[in-house]
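Here is what each chain is made of, one letter per residue.
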Amino acid sequence: VQLVESGGGLVQPGGSLRLSCAASGFTFSSYFMSWHRQAPGKERELVAAISRAGGSGYNTEYADSVKGRFTISRDNAKNTMYLQMNSLKPEDTAMYYCKAYLNAMANYWGQGTQVTVSS
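1. Quick notes on the overall build of the chain
Link 1 in the chain: When helices and strands are tallied, the chain shows zero helices and 11 strands.
Link 2 in the chain: Walking the chain from its N terminus toward its C terminus, one meets helices and strands in the order β-β-β-β-β-β-β-β-β-β-β.
Link 3 in the chain: Relative to the compact-globule value of 14 Å for 119 residues, the chain shows a C-alpha radius of gyration of 14 Å, a close match.
Link 4 in the chain: Along the longest, intermediate and shortest principal axes, the C-alpha atoms of the chain span 40 × 30 × 25 Å.
Link 5 in the chain: Partitioning the contacts of the chain with sequence separation of at least 6, the portion at a separation of at least 24 is 52%.
Link 6 in the chain: Counting only carbon and sulfur atoms, one obtains 47% of the accessible surface of the chain, whose full area is about 6300 Å².

If you want it as structure tokens, here you go:
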């Protein structure tokens, strides 16, 4: 099982980044997927989550701090999840992690990608 995040980097306030999480070794389409972040000295927090596909499409949820600025999506054909981040703020600076969750016995984390928002 492997989750590999990419797309992080240094960006100025107001800028955009698109994170990717490439999955392998498990049935990606069966898992709930989410993005989390952890800033230095702070606890890891949920940023956004996306459900498995259902009859009416995907359900998504966002932390209040990113609503209207971030968009989570997934491409089951490519086994990849994305996080489009717009209007970035310095407080968005953190290590961003993706997580795959099926149940308590089957959940996986990636190694993270650093996002730094600074002028």
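2. Concerning the state of the cysteines
Link 1 in the chain: Applying the stated criterion across every chain yields a total of one disulfide.
Link 2 in the chain: Across a sulfur-sulfur distance of 2.1 Å, C21 and C98 are joined as a disulfide pair. Linking C21 and C98, the disulfide has an S-S dihedral of approximately 60° and is accordingly described as right-handed. Residue C21 is located in strand β3 (residues 17–24), and its partner C98 is located in strand β9 (residues 94–103); the two are separated by 77 residues in the primary sequence. By the burial criterion, C21 is buried, and C98 matches it.

About the thresholds
Residues numbered from 1 in each chain as written. Predicted model: local features only at pLDDT ≥ 70, side-chain atom pairs only at ≥ 80, totals over all residues. Heavy atoms only, no water. Helix = DSSP H or I, 4+ residues; strand = E, 2+ residues; numbered from the N terminus. Rg over C-alpha atoms; globule rule 2.2 N^0.38 Å. Contact = heavy atoms within 4.5 Å. Areas by Shrake-Rupley, 256 points an atom, 1.4 Å probe, with all protein chains shown as cover. Disulfide = S-S within 2.5 Å. Buried < 20%, exposed > 50% of the residue type's maximum accessible area, 1.4 Å probe, protein only.

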